[in-house]
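# Observations on chain architecture
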Amino acid sequence: MSAKSFELLLQTAFAPENPQVFEGPATAVYQQLEQALRSSRTQGGKAAEEVGFRFERLRLGVAIALIKAYARLADNEGAKDVLQLLLEAVKAKNTREIDKVIQKKIGLFDNLYHEIFVNEERENLLALFEQTLDAASKEELDDLILEGLEALQDIDFEAPQPDEDDDEPLDEDFLKSIQ
């Protein structure tokens, strides 16, 4: 897996916008995790904290890309709120701060599943998002980056999305018959 794939995932999710997720380039976030992993092999304690923090930043980046793509497809207020929460968390300076930001508004994640309707692309993105939150290793994130890229390549973000409010009105005679 490469830092370039991670960057491409973010770019694809945000397109045509330019993703401003991290202070520096997205590739640096990936490379910082790789460097922390190399350093942890020769050092102890403090290096483990650094690996944890760098892993969380990469995981947040993957989650942000997936939820941004979902928000583009679903126009779901819950997804927009979660995206803002994740963008706030990615600015944290350590793992404890990330946890504190997320825990403060953990209930926002419940709102993602409202208005999902039957849409395979949305369901797939949410499944990848959930797997990202559960990921416990760089290798798992690498796989999710590739799966995310593949999923985003298959989505036509320009295609009109069905408007859930435009459903046909229920037949009044039918409504009276079920009362």
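Now for a quick tour of the structure. Computed from a predicted model, the values in this text were never measured in an experiment. Counting starts from 1 at the beginning of each chain's written sequence and moves along it residue by residue. In keeping with the predicted nature of the model, local features appear solely for residues at pLDDT of at least 70, side-chain atom pairs appear and are counted solely at 80 or more, and the whole-chain, interface and lining totals rest on all residues. Note that the side-chain values use all heavy atoms of the structure and ignore hydrogens as well as water.

What follows is about the packing of helix α2 (residues 26-40) against helix α7 (residues 138-153). Packing of α2 against α7 leaves a shortest axis separation of 12 Å and a crossing angle of 155°. Regarding the angle of α2 to α7, the classification is roughly antiparallel. Of the two elements, α2 crosses α7, and the hand of that crossing is left-handed. In contact with Tyr30, Leu33, Glu34 and Leu37 of α2, α7 contributes Lys138, Asp142 and Ile145. Of the residues contributing to the contact of α2 with α7, the split by class is four nonpolar, no polar and three charged. Where helices are involved, their axes are fitted lines through C-alpha atoms of the stretch in contact, as for all axes, and angles between N-to-C directions lie from 0 to 180°. Helix and strand assignments follow DSSP, with helices taken as H or I runs no shorter than four residues and strands as E runs no shorter than two, numbered in order from the N terminus. Throughout this description, any angle smaller than 35 degrees is read as roughly parallel, any larger than 145 degrees as roughly antiparallel, any in the 65 to 115 degree range as roughly perpendicular, and the remainder as oblique. Less than a right angle of anticlockwise turn of the near helix away from the far helix marks a crossing as left-handed, whereas a clockwise turn marks it as right-handed. We call two residues in contact when some of their heavy atoms are within 4.5 Å. Three residue categories are used. Nonpolar comprises Ala, Val, Leu, Ile, Met, Phe, Trp, Tyr, Cys and Pro, charged comprises Asp, Glu, Lys and Arg, and polar comprises the others, including Gly.

Turning our eyes to something else, we now look at unusual backbone geometry. Ala15 connects to Pro16 through a cis peptide bond whose omega is 5°. Residue position: Pro16 is located in the loop between α1 (3-14) and α2.

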